[in-house]
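Coordinate inspection notes
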Amino acid sequence: MNQEYGHEDGVDGDADEAEATRRDAGDAESSRASRGWWDRNADEYQSDHGSFLGDDRFVWGPEGLDEAEAGLLGPAGSLKGLDVLEIGAGAAQCSRWLAAQGARPVALDLSHRQLQHALRIGGEVPLVEADAGALPFRDGSFDLACSAYGAVPFVADPVRVFREVRRVLRPGGRWVFSVTHPIRWAFPDEPGPEGLSVAASYFDRTPYVEQDERGRAVYVEHHRTIGDRVRDVVAGGFRLVDLVEPEWPAWNSQEWGGWSPLRGNLIPGTAIFVCERDD
C-alpha cells in the first residue's frame, strides 16, 4: 500500500534543499518526480509508518478505516477467486490482505524501492513496476481495482489513469480509490491548531511542487475539487456508487503529517470514491 498521505517536507536531504511552490506540472514531470521521491524516501516511510500499516492490513487512510470492516470492495467472503489490481501498492500490504481472503491480487507501483520493501516483507503476491497511466495488462484482466492514496493524487491527468483502469477491468468491475479530501487544500498542512484556519482558495487547482535549485520538480501533488473528482470518474467511464468520508475514530491518537485527532474530529481528511464499470 503506497499510502502517500502525510507528505512531510524535509524528510530527506533533497527535500531539505527543495523550494516549495505552486506551478503547473505535466504528466512526464509529475511521474518522474514521484518515482524519484518514493525511491529516495521508501526506507524512511516504511520505517516510520510500517507498524500502522502492518504487513497484511488494508487501510484506506490515516483515520485507520480498515477494508475488513468497510467492505468497499465487497464483503470479504466475496473476494475469493477474484483478480484484483492494487495501484500504488508500495510494500503491498493491501494485496497481502486480499490474498488472505482468497483473492488473486497483483501489486503495482511506480517506485522500485517500494517494491523492494514488498519483497522484504515477503508473500506470494506478484509485483509489477509500472506507471498507472500505462497499465501493462490485457483488456479485461481484473474483477476489481483499488488504490489507497496511490497514484491518483500525483498524476496530472487522472482521467487517463481511470480509462486505463476501466480498460483492464471486466464489465461490472469495481474501482475504489482514496485520496486526500479536497477540502484539506484550503488549510495549512499542520496537525495542530494552526491547521484549522483557511489559508488558500479551495478552487485553486495549481499543483503543489517541490523543486530543486535547477527548477526540476522532486515532488508533485495535484489538487482537484470534489466536483472535479466526480467529473473525472465519469469521464473515465465509471459510475460513482459511493463517496466515503471516514470520521476520525476515538482509538486513533496518531499524528501523521497534517492528519491528527484534532483536525480529524472537525474536518474530513480522506475521500474514498467507490466506482463501477457498467459495461
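Read on for a plain summary of the structure. Quantities reported herein were computed from a predicted structural model and do not represent experimental measurements. (Residues numbered from 1 in each chain as written. Predicted model: local features only at pLDDT ≥ 70, side-chain atom pairs only at ≥ 80, totals over all residues. Heavy atoms only, no water.)

The helix and strand tally for the protein chain stands at eight helices and ten strands. Computed over its C-alpha atoms, the radius of gyration of the protein chain comes to 17 Å, within 12% of the 19 Å expected for a compact globule of 279 residues. Reported as C-alpha extents along the three principal axes, the dimensions of the protein chain are approximately 45 × 40 × 40 Å. Within the span of the protein chain, comprising 279 residues, buried residues form 56% of the whole. For the protein chain, the proportion of contacts with a sequence separation of at least 24, taken over those separated by at least 6, is 74%. When the accessible surface of the protein chain is totalled, it reaches about 11500 Å², and 49% of it is carbon and sulfur. Across the protein chain, the 28 positively charged side chains and the 48 negatively charged ones have centroids separated by 7 Å. (Helix = DSSP H or I, 4+ residues; strand = E, 2+ residues; numbered from the N terminus. Rg over C-alpha atoms; globule rule 2.2 N^0.38 Å. Buried < 20%, exposed > 50% of the residue type's maximum accessible area, 1.4 Å probe, protein only. Contact = heavy atoms within 4.5 Å. Areas by Shrake-Rupley, 256 points an atom, 1.4 Å probe, with all protein chains shown as cover. Lys, Arg positive; Asp, Glu negative; His and termini not counted. Charge placed at Lys NZ, Arg CZ, Asp CG, Glu CD.)

Another aspect to go through is the sheet that holds strand β5 (residues 142-148). Read from one edge of the open sheet, seven strands run β4-β3-β2-β5-β6-β10-β9, paired in mixed fashion. In this open sheet, the two edge strands, each paired with only one partner strand, are β4 (127-129) and β9 (239-244). Averaged over all adjacent pairs, the angle separating strand axes in this sheet is 20°, with direction ignored. Packing against the sheet, helix α6 (residues 158-168) makes contact with β2 (83-87), β5 and β6 (169-180), and its axis sits at approximately 145° to β6. (Pairing = 2+ DSSP bridges. Axes fitted to C-alpha atoms, helices over the stretch in contact; angles between N-to-C directions.)

Our focus in this paragraph is a nonpolar patch on the surface. Together, L196, L262 and L266 line one region of the surface with nonpolar side chains, adding up to about 250 Å² of accessible area. Topologically, L266 is positioned in the loop between α8 (261-264) and β10 (270-276). Take L266: its relative accessible area is 58%, and that puts it in the exposed class. (Patch = residues over 30% accessible without salt bridge, like charges linked within 9 Å, V, L, I, M, F, W, Y side chains within 5 Å. Salt bridge = Lys/Arg side-chain N within 4 Å of Asp/Glu carboxyl O.)

Here we take up the side chain of D212. Among the structural elements, D212 can be located in the loop between β7 (208-211) and β8 (217-221). Its relative accessible area of 15% is what places D212 among the buried residues. Only 2.9 Å separates the side chain of D212 from the backbone nitrogen of R214, close enough to count as a polar contact. (Polar contact = N/O pair within 3.5 Å; in protein donor to acceptor, adjacent residues only side chain to side chain.)

Turning our attention to the pattern of salt bridges. Throughout the structure, instances matching the rule amount to 20 salt bridges. The salt bridge involving D143 is made with R170; its shortest N-O contact spans 3.0 Å. You can see D143 sitting in strand β5 and its partner R170 sitting in strand β6, a full 27 residues away along the chain. On the basis of relative accessibility, which here comes to 27%, the residue R170 falls in the partly exposed class. A salt bridge links R277 to D279, with the nearest nitrogen and oxygen atoms 4.0 Å apart.

Read these as layout, nothing more, since geometry by itself doesn't imply function.
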